[in-house]
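Structural characterization, general
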Amino acid sequence: MRRHFVTGLRANRINGLRYCAPLLWAALLAGVVGGLEVGGRTQQRQAGGEERAEQDYQNMTSGERAASTRAFLGLGAIPDKAAALRGATHFAQNCGACHGKDARGAMGPSLVTSDLVLTDEHGQQLSAFLKKGRPEKGMPAFATLSHQQMIDITEFLHLQVENVANRGSYKMLNILVGNALNGKAYVEARCMTCHTAETFAHIASKFRSPEQLQRNWIWPARYGTLTAKVKTPEGTFSGWLKQISDFRITLVDRSGKTHTIDRGPGVDVQMSDRLAGHQEIIMTLSNDDMHDVTSYLETLK
Amino acid sequence: MKTRAVFCATISAAALLSSLFSAQKVSLDPNTIGKAPVTSWPTFNGDYSGERYSTLTQISPDNLNRLALQWVYRITGVGAQRGAPVPIIKCTPLQVDGVLYITIPDHLWALDAGTGKELWHYDWVDHGGHLIGQRGVGIWNSTVFFLTPDNWLISLDANTGKENWRKNYADARKQYFSTSAPLIVKNHVIVGVGGDAMDMPGFLDSFDPATGDLQWTWWSTPRKGDPALETWPNEAASDHGGGMTWMPGTYDPVLNLLYWPTGNTNPVFAGQGRPGANLWTESIVALDVDTGKLKWYFQVSPHDTHDFDNTTAPILFDHPANGKPERLLVQAARNGFLVTLDRATGKYLVVKPYVPLDYSSGLSAEGEPIPIPDKDPSVGGSINIVNASNWPAPAYSPKTGLVYVNSVEGKAIYYLTDDSRNPSGYGGTVVGIGRAVRVLQAIDPLTGNTAWRHAYPNLNNAPTTVGPSLLTTASNLLISGDDQKNLIIFSADRGEILWHHELNANESGGIVTYLLDGKQYIVFGAGDSLYAWSLRQ
């Protein structure tokens, strides 16, 4: 079915979608698992002043993530990790006391954001500098180091730069900072109006990391979809929503048939959101409650 | 990554040939820039105010049914650029003397505005930098200025595309990159810079348009001896404190002041190494255009830890109050606050949230939002809003007295990934959570109250940065787009949809309008194509 939109008329605009309580169609929902996840993948995230390319961080391996961010940022040559590993020892022995073990600065400045390091190419400029030092500022010469040792140190420094500049290579810390007992109390008090214990049984084993668990208990997108009831002069159509704009709505009915309906005069759309309760949680959840619940659910392997 | 053997700009022989036969002669008197644009669109925002308002009325609510596509120019032959699989036009086109100038990173085209035919093409081979976007050019007399990803200011002959000179102003190896459109004011080419991966300080440069000589530099963070250093723990933190200037500012010719928005503080999410307000990042600053000296500042996000990157355009507007017009400035800031200031003094009139937010405990005596420390990114995660706006420019209509912005209402979990005492770079990451809805809002800048709002229905979450820079006209049009490829014209006073058309891609740059041979055009980029519309006869 398809009705043609009449230019200039917009009788049935939805002013700020009203999401109401979940209705029915549970069986139908089971058939569309993942519908929202696909949409979520196209979301662009903030990236320091510029938009980041579309990336699915959830589905990338850490290596892919790092490589993709590296390409996107136009970072320079990939540091030689073997050389950097050797260089770490030389750095600790010769440089760490002043510049810190990770070169982020101590008595001496951080080398990670140093102009000399950032503009160095494969140790050429830095090794020349290390041979002379900067005696007027208390930086001694390191003329006794072999050329290879100097190159290794510079590769170590370039790796520290990479670890900072390439945010696709960042690793989560241990996010389990909450109180599991408090989390259990929260779940029992707040979640059991809609859920049963079965929802939470072995929940932690379903996710590969605590941060995935945290994201998914707050927003279980794979179960979420919007449903809609569309009244038109030709009849009423119900089903799960494939897409909606100001001008068109596409839904799939119980039999699996797709209906695309142009929104015009006499077309009324009512929507309901199975995840309305979760959206409400997102708007009000305190950080402490979030940490506590995640720490509790993580115990349910 | 593309590789090319020769480090030089090239102009195709065919393009050169066509320009020889072209009758166009582009020349823009700098003294006329800043006046209401009628037959041209000579700056990023059309004029200096940032209102993106046109006095033209030929296209009006009554005749939108006659609006018809005149021509389309599609970018071909560029292909994938690193990090950007397809070309996306994110510039605001400039039109002077019948020639349109459009850009993507590394590329600039001059087109015949009447036909969309290519006149010439300038192709830059970059050596680094970030190819995320290019906002457009600046024009001074018969010279076009173009910024490259690796931070070269290129001066070109506006009629032939031949390079006059080039000047490098920042090192791409320090992760500085450029996307901005230069702003031309009198005998100044004002150039901003981006790049927040390596904790570099932001700055604004002013160059001589004839010679490329540097006239002044203003640093976004204080240098040795400046009292503002008190807002940083030490000089090294300030020297590495960010505050990029990557979007064009605005200018008041009467006060002779530039208004520039400054970007996020560095390190970005990990603020524990930089206690203090961290001036002048996350601010609106007023600078003397001839000297670069700071006249006043208003810090919209003191001690930012959310990448609130305060780069939305500061719009200048005059409010007739008690017979004496007030000279005001309004910004729909990315931190979710609408900010209205006296633009002579920087004193605030209105600072009020325009999206639901709960990260601020109130305003300081100066009107600056006070952040709640518990909302800072943390190891276990901290929920806060996503950026409420972004680089696509809002608009203001003197007719309705309303400022228009495509906002985003949504939340994210902000994680700290570096909890050391001396973090560097981003030091954290963000994961979106729940629904993020794009809402077009019309806000009264004198009260901060929303006059009307339109939530674009969409099953998918709102991308944070896609969407056009808006345009509003004296005939009560407000031109925008949704995230489903629809060009939409709203009534500016009431927010009613008057007309729409489905394109091949989302609008992705600025929407401009002008009269050409007596005909009003509406021109904008969507994906890899530039579209020109006007009324059918």
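Residues numbered from 1 in each chain as written. Chains lettered and ligands numbered in written order. Predicted model: local features only at pLDDT ≥ 70, side-chain atom pairs only at ≥ 80, totals over all residues.

This next bit is on the overall build of chain A. Within chain A, the secondary structure is distributed over 13 helices and seven strands. By the burial criterion, 36% of the 301 residues in chain A qualify as buried. For chain A, the proportion of contacts with a sequence separation of at least 24, taken over those separated by at least 6, is 67%. (Helix = DSSP H or I, 4+ residues; strand = E, 2+ residues; numbered from the N terminus. Buried ≥ 20, exposed ≤ 12 C-beta atoms within 10 Å, placed from the backbone. Contact = placed C-beta atoms within 7 Å.)

Let us now look at the sheet that holds strand 3 (residues 226-232) of chain A. Residue and element names in this part refer to chain A. Taking strand neighbours across the sheet as the criterion, the five strands line up as 6-5-4-3-7 in an open arrangement whose pairing is antiparallel. Looking along the sheet, the strands with just one partner apiece sit at the ends: strand 6 (258-262) and strand 7 (268-273). Mean inter-strand twist for the sheet, computed between neighbouring axes without regard to direction, equals 40°. Pairing geometry for strand 3 and strand 4 (residues 235-244), over six bridges, is antiparallel. Bridge assignment links Val-230 to a residue of strand 4, and that residue is Phe-237. (Pairing = 2+ DSSP bridges. Axes fitted to C-alpha atoms, helices over the stretch in contact; angles between N-to-C directions.)

A word on the sheet that holds strand 31 (residues 477-481) of chain B. Residues and elements named next belong to chain B. Strands sit in the order 1-30-31-32-33 across an open sheet of five strands; the sheet is mixed. A single partner strand is all that each edge strand has here, and the edge strands are strand 1 (53-54) and strand 33 (497-502). Pairing of strand 30 (residues 471-473) with strand 31 involves two bridges; the strand directions are antiparallel. In the strand pairing of strand 31, Leu-471 is matched with Ile-479.

Residues and elements named next belong to chain A. Where helix 9 (residues 180-190) contacts helix 13 (residues 287-297), the axes come no closer than 7 Å and their chain directions differ by 95°. On the basis of the axis angle, helix 9 is roughly perpendicular to helix 13. Only Asp-289, Asp-292, Val-293, Ser-295, Tyr-296 and Leu-297 of helix 13 make contact with helix 9, whose side of the interface consists of Ala-180, Asn-182, Gly-183, Lys-184, Tyr-186 and Val-187. Across the contact of helix 9 with helix 13, the residue classes break down as six nonpolar, three polar and three charged. (Parallel < 35°, antiparallel > 145°, perpendicular 65-115°, else oblique. Nonpolar A, V, L, I, M, F, W, Y, C, P; charged D, E, K, R; others polar.)

With that settled, the discussion passes to helix 8 (residues 147-165) of chain A. One turn of the α-helix equals 3.6 residues, which is why residues spaced by three or four share an orientation. Its 19 residues give helix 8 of chain A an end-to-end C-alpha distance of 27 Å, which sits within 8% of 27 Å, the value for a rise of 1.5 Å per residue. Extensive coverage of helix 8 of chain A is indicated by the burial of 16 of its 19 residues. (Expected span 1.5 Å × (residues − 1).)

Residue and element names in this part refer to chain B. In this model, chain B carries an average pLDDT of 94, and 95% of its residues clear a pLDDT of 70 or more. Low pLDDT, under 50, characterises residues 1-22; the stretch is placed with 25 contacts to residues that sit more than four places away or in other chains. For this predicted complex, the interface confidence score (ipTM) comes to 0.91, while the overall pTM stands at 0.90. (pLDDT = per-residue confidence, 0-100.)

The next subject is the packing of helix 7 (residues 124-132) of chain A against helix 8 of chain A. The relative placement of two packed helices is expressed as an angle between their axes plus a distance between the axes. Residue and element names in this part refer to chain A. The N-to-C vectors of helix 7 and helix 8 enclose an angle of 120°; their axes lie 9 Å apart at closest approach. Classified by the angle their axes make, helix 7 and helix 8 are oblique. Here helix 7 and helix 8 pass one another in a crossing that is right-handed. Listed contacts from helix 8 to Leu-126, Ser-127 and Leu-130 of helix 7 are His-147, Met-150, Ile-151 and Thr-154. Partitioning the contact of helix 7 with helix 8 into residue classes produces four nonpolar, three polar and no charged. (Left-handed = near helix turned anticlockwise from the far one by under 90°.)

Before going further, it helps to spend a moment on helix 4 (residues 81-94) of chain A. All names here are of chain A. Taking 1.5 Å of rise per residue, the 14 residues of helix 4 would be expected to cover 20 Å, and the 19 Å separating its terminal C-alpha atoms lies within 8% of that figure. Maximal helix bending in helix 4 amounts to about 30°, located at Gly-87. Buried within helix 4 we find Ala-84, Gly-87, Ala-88 and Phe-91. Of the surrounding elements, those touching the buried residues of helix 4 are helix 5 (96-99) and helix 8. (Bend = angle between axes of the 7 residues up to and from the residue.)

All names here are of chain A. Secondary-structure assignment places Ala-185 in helix 9. Accessibility expressed as a C-beta count within 10 Å gives 15 for Ala-185, which makes it partly exposed. In sequence terms Ala-185 and Thr-199 are 14 residues apart; their C-alpha atoms lie 16 Å from each other.

On to unusual backbone geometry. Residues and elements named next belong to chain B. Note the cis peptide between Asn-266 and Pro-267, where omega equals -15°. Cis geometry is found at the peptide bond from Leu-279 to Trp-280, where omega equals -15°. Inspection of the secondary structure assignment puts Trp-280 in the loop between strand 16 (257-261) and strand 17 (283-288). The phi angle at Lys-186 is positive, at roughly 50°, despite the residue not being glycine. Under the C-beta neighbour-count criterion, Lys-186 is labelled partly exposed, with 15 such atoms within 10 Å. In this structure, Glu-282 is a non-glycine residue whose phi angle is positive, near 55°.

Right, let's get into the pairing of strand 17 of chain B. Residue and element names in this part refer to chain B. Taking burial as the measure, the six residues of strand 17 include five buried ones, the bulk of the element. Relative to strand 17, strand 16 is paired through five bridges, and the arrangement is antiparallel. By the bridge assignment for strand 17, Leu-258 is matched with Leu-287. As judged from the five bridges shared by strand 17 and strand 18 (residues 294-299), these two strands associate in the antiparallel manner. Each residue of the ladder has a partner; that of Leu-287, found in strand 18, is Leu-294.

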